Amino acid sequence: MFSYNFFNTNYSIANSNVINTPNINVYLNHKKLVYLTFDDGPAYIVTDEILNILKNYNVKATFFVVGKEIQNKENILLRIYKEGHSIGLHSYSHDYKKLYSAEEIFINEMITTREKVKSVTGYTSTIIRFPGGSMRHLDSDFLEKLHNNSFKVYDWNISLSDGTYPNLSPDELLSIAKSCTRASPILIVLMHCNFCNENTAKVLPSIIKYYKNLGYEFKTINNDTEEYYFTFSK
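Residues numbered from 1 in each chain as written. Predicted model: local features only at pLDDT ≥ 70, side-chain atom pairs only at ≥ 80, totals over all residues. Heavy atoms only, no water.

Peer 1: Before we move on, can you summarise the overall build of the protein with the specific residues and values?
Peer 2: Within the protein one finds 9 helices and 10 strands. The buried share among the 234 residues of the protein stands at 56%. Long-range contacts, defined here as pairs at least 24 residues apart, represent 78% of the contacts in the protein between residues at least 6 apart. Within the structure as shown, the protein displays about 10,700 Å² of accessible surface, and the carbon and sulfur contribution to it stands at 47%. (Helix = DSSP H or I, 4+ residues; strand = E, 2+ residues; numbered from the N terminus. Buried < 20%, exposed > 50% of the residue type's maximum accessible area, 1.4 Å probe, protein only. Contact = heavy atoms within 4.5 Å. Areas by Shrake-Rupley, 256 points an atom, 1.4 Å probe, with all protein chains shown as cover.)

Below you can see the structure in the form of structure tokens.
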């Protein structure tokens, strides 16, 4: 397996580093890819506004959804699917204490969310994201258990920190996006689409334009995308 460290960036609010490896041909071809990802939805207003912006710019993204948030918002989830975006799993409860109390609980929450997504869309998702990221939670044995349940793990190498700091201004969010781009050929951008993320929606057009001007191609994470997860001790 070819291995590559994207970068280890320190900036004012978030610190991201990712290991594991996209296809080596991506690097040989010098192809620049960006994956816009949104966690914690679906939510009223903000998720719809983000979808409107993505549609306007003809960009597809990946939404890591929380199972308990789907109820009464099935129409938003179905819109995500019908408009060609990818759907990932972000647990059912998003309750850190419960979720990380046992690996079996974590896996069962992902399975429950997968079944909920399928009941609404007909689509079976195998892509997951750990709430808060996989660091300090993932190891080789746990990864094997996840693979045995057909799950693949995706962290990020850029975080706008809008989950922890939703009140950051659009200018501050854009500054973070720019400060950690560097020369990385593949970017996985963590953003959020919960009810409190109005400023994320406001800055999204500027972020899209910024990456387009840098020559990045927008892609979605799907069941065939190679895993990306934080470094862990074997």
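Peer 1: Explain the packing of aromatic side chains to me, using residue names and the numbers behind them.
Peer 2: If you walk through the whole model with that rule in mind, you get 14 aromatic pairs. Ring centres of Phe38 and Phe63 lie 5.2 Å apart, and the angle between their planes is 25°; this geometry places the pair in the stacked category. Residue Phe38 is located in strand 3 (residues 33-39), and its partner Phe63 is located in strand 4 (residues 62-65); the two are separated by 25 residues in the primary sequence. Across the pair, exposure class does not vary: Phe38 and Phe63 are buried alike. A connected cluster of aromatic rings, assembled from ring pairs, spans Tyr96, Tyr100, Phe106, Phe130 and Phe142. Geometry around Tyr44 places Lys73 over its ring, the cationic atom sitting 5.2 Å from the centre. (Phe/Tyr/Trp six-rings, centres within 6.5 Å; stacked < 30°, edge-to-face > 60°. Lys NZ or Arg CZ within 6 Å of the ring centre and 35° of its normal.)

Peer 1: Describe unusual backbone geometry, and please don't skip the residues or the numbers.
Peer 2: That bond from Gly41 to Pro42 is cis: its omega, 0°, falls within 30 degrees of zero. Residue Asn58 is not a glycine yet carries a positive backbone phi of 55°. Secondary-structure assignment places Asn58 in the loop between helix 2 (46-56) and strand 4. You will see that Asn72, though not glycine, has its phi angle at about 70°, which is positive. Topologically, Asn72 is positioned in the loop between helix 3 (67-70) and helix 4 (74-82).

Peer 1: Give a detailed account of the nonpolar core, specifying residues and quantitative values.
Peer 2: In this structure, Leu36, Phe38, Leu54, Phe63, Leu146 and Tyr211 are the most contacted members of the largest nonpolar core, which totals 56 residues. Top element by residues in this core is helix 9 (residues 198-213). It accounts for 7 residues. Core analysis: the second largest hydrophobic core is formed by 12 residues, Tyr35, Phe64, Ile221 and Tyr228 among them. (Core = buried A, V, L, I, M, F, W, Y, C linked by side-chain atoms within 4.5 Å.)

Peer 1: Before we move on, can you summarise the side chain of Thr62 with the specific residues and values?
Peer 2: Tracing the backbone through its elements, the reader meets Thr62 in strand 4. Here Thr62 falls in the buried class, since its relative accessible area comes to 0%. Not counting the four nearest positions on each side in its chain, Thr62 is found in contact with Leu36, Thr37, Phe38, Ser86, Ile127, Thr220 and Ile221.

Peer 1: Go over helix 4, please, and point to the residues and values.
Peer 2: Listing the buried residues of helix 4 in full gives Ile76, Leu77, Arg79 and Ile80. End-on view of helix 4: buried residues confined to an arc of 155°, all on one side of the axis. Those residues of helix 4 that are exposed and aimed more than 90 degrees away from the buried face are Asn75 and Lys82. In this structure, the buried residues of helix 4 make contact with helix 2, strand 4, helix 3, strand 5 (86-89) and helix 6 (103-121). (Arc of directions from axis to C-beta.)

Peer 1: I'd like a rundown of the pattern of salt bridges, residues and numbers included.
Peer 2: Opposite charge on two side chains allows them to pair when their charged atoms are near. In this structure the tally under the stated criterion is 8 salt bridges. In the salt-bridge network here, residues are joined through shared partners; they are Asp48, Arg79 and Glu83. (Salt bridge = Lys/Arg side-chain N within 4 Å of Asp/Glu carboxyl O.)

Peer 1: Can you lay out the environment of Phe218 for me, pointing to particular residues and giving the numbers?
Peer 2: Secondary-structure assignment places Phe218 in strand 10 (residues 217-219). Since its relative accessible area comes to 17%, Phe218 is described here as buried. C-alpha of Phe218 to C-alpha of Ala61: the two residues are 157 residues apart in sequence and 7.8 Å apart in space. Aside from chain neighbours lying at most four places away, what touches Phe218 is Val34, Leu36, Val59, Ile208, Tyr211 and Lys212.

Peer 1: Tell me about helix 7 (residues 140-148), residues and numbers included.
Peer 2: Among the residues of helix 7, those classed as buried are Phe142, Leu143 and Leu146. Considered in projection along helix 7, the buried side chains sweep an arc of 100° and stay on one side of the axis. Opposite the buried face of helix 7, at more than 90 degrees from it, the exposed residues are Asp141 and Asn148. Two or three places before Asp141, at the opening of helix 7, Asp139 has a side-chain oxygen 3.2 Å from that residue's backbone nitrogen. (Polar contact = N/O pair within 3.5 Å; in protein donor to acceptor, adjacent residues only side chain to side chain.)

Peer 1: With reference to specific residues and values, describe the confidence of the model for the protein.
Peer 2: Here the protein averages 88 in pLDDT, while 85% of its residues score no lower than 70. Counted against residues more than four places away or in other chains, residues 1-28, with its pLDDT under 50, gives 83 contacts. (pLDDT = per-residue confidence, 0-100.)

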